[in-house]
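# Structure assessment
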Amino acid sequence: MAYGLTEADWGAPGRTTRYYCKLVDPFTLIDTSEEIELDTEGTSITYAYESDNHMEATVTISEGDYHNIISQGRTMDGMIRIYQSVGIGDYSGVFCMGTFYVSNLSNSSKYGITNRKLTCYGPMWAMTQDSTIFDFVRHPGDNAWEAMQYICTGGGHDNGHIRAGDGFDTGRTHTIEVFFPLGTNRGEMLNTYAGWLNGELVTDMDGTIVARPYIDPWNRPIMYTFDENEGCIYKAGIEFETNRDEPLNRVMAYFSRESKQGDPDSENYDPFPLSDSVYVDLPDSADYSFARCGRRRTEVLHVTDPCSHEDLTAQAQRYLDENSHSNLYINVEHAGIPGLRVGDVVRYINSRDQYRTEPGTFDNRCLITEMRISKLSPFCMTQTKMRVI
């Protein structure tokens, strides 16, 4: 279980929280400065699970602190790390809230007081802002995890940081030649590799990109329970929304290559064709079928490993099955819980607010897809979006 989740009653009266940041060396991810106090009203943080920008922040500090940093010969153009120091009764703890690159710096003045505002983004977004300067080629037998490390670090010439999470497949090797031309986005390459290895990419609070196995949300452990009775930490009210405009009703899958071993007597004989393609549709009775909606929503699925026509059809069908229904999302506001992350599964219980048009208890497992802290309040009030699973 993530640290901090049940160590204290996060909504208890008397909670105190102090926020500060430190400068970070982007090449080592080590703190390199003393504490810098934050303007709590002018600082916000957003975390996202279903986005390439896993975390972003707007950070406000005083002009005095800014000039103190500059006078020491330092700069705020690299990375910063945000911390919260929490006290509740006899409990106290310090938690990292994220490590960010600084992309823009502005200042504002009012009534003789000047503040500096930093616009920040996370390490994964930094990967999407860079591209390879050479062709990237890997051959059958080459290790896929080593290729991911090379992409992230630029072969040791760049400053990306990546590690394998528990259970991630670091031993798999390529079965076919892989080629990315120069100019390919590094974030796209990393996400492609993670998909090949049945994994996903998340960002740790220390600024490290983590490749971990993808686990179906229904099979993930419940990390926290939002209870409505003693220890309730959420505010009254629950909002519902769906993604009805996103479900697919057709998937086309294909593979294509330039050559293969076609000699049946060869040890490496490849029985599959140079190229093949299939498409599958939702049945007319399905909620979002073409027959009911009158429009196509098609996804093209590029399959990297050649396979039989039957296997290709099965992959297309599985993708359609997973992406042809709408999801129900809820939005709630609650006291901040150190250690709770996007991508975590929680249980949310609410019998006091009506569910749709009928009263009753809303008691469901939910996947956290987004968390937004609009200002740094004593309770670190957080607006959380969750997908009901």
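Everything that follows concerns the structure shown earlier in this document.
Remember, it's a predicted structure, so these values are computed and weren't measured experimentally.

Moving on, we come to the side chain of Thr 43. As for its position among the elements, Thr 43 is in the loop between β2 (36-37) and β3 (44-48). Separated by 2.9 Å, the side chain of Thr 43 and the backbone oxygen of Asp 39 make a polar contact. At 3.2 Å, the side chain of Thr 43 and the backbone nitrogen of Thr 60 are in polar contact. Not counting the four nearest positions on each side in its chain, Thr 43 is found in contact with Leu 38, Thr 58, Val 59, Thr 60, Ile 373, Ser 374, Lys 375 and Leu 376.

On to the sheet that holds strand β15 (residues 250-256), then. With respect to topology, three strands assemble into an open sheet ordered β16-β15-β17, the strand pairing being mixed. Only two strands of the sheet have a single neighbouring strand rather than two, namely β16 (275-281) and β17 (298-302). For this sheet, the mean inter-axis angle between neighbouring strands, taken without regard to orientation, is 15°. In the sheet, β15 pairs with β17 via five bridges, with the strands oriented parallel. If you follow Tyr 254 over to β17, its bridge partner there is His 302.

Any two side chains of opposite charge can pair, so long as their charged atoms come close to each other. Considering all chains together, one arrives at 17 salt bridges under this definition. For Arg 172, the salt bridge is made with Asp 169, and the minimal N-O distance between the two is 3.2 Å. In this structure Arg 172 comes out as partly exposed when scored by relative accessible area, which is 33%.

Procedures and definitions
- Residues numbered from 1 in each chain as written.
- Predicted model: local features only at pLDDT ≥ 70, side-chain atom pairs only at ≥ 80, totals over all residues.
- Heavy atoms only, no water.
- Helix = DSSP H or I, 4+ residues; strand = E, 2+ residues; numbered from the N terminus.
- Polar contact = N/O pair within 3.5 Å; in protein donor to acceptor, adjacent residues only side chain to side chain.
- Contact = heavy atoms within 4.5 Å.
- Pairing = 2+ DSSP bridges.
- Axes fitted to C-alpha atoms, helices over the stretch in contact; angles between N-to-C directions.
- Salt bridge = Lys/Arg side-chain N within 4 Å of Asp/Glu carboxyl O.
- Buried < 20%, exposed > 50% of the residue type's maximum accessible area, 1.4 Å probe, protein only.

Geometric descriptors of this kind do not, in isolation, establish any biological role.
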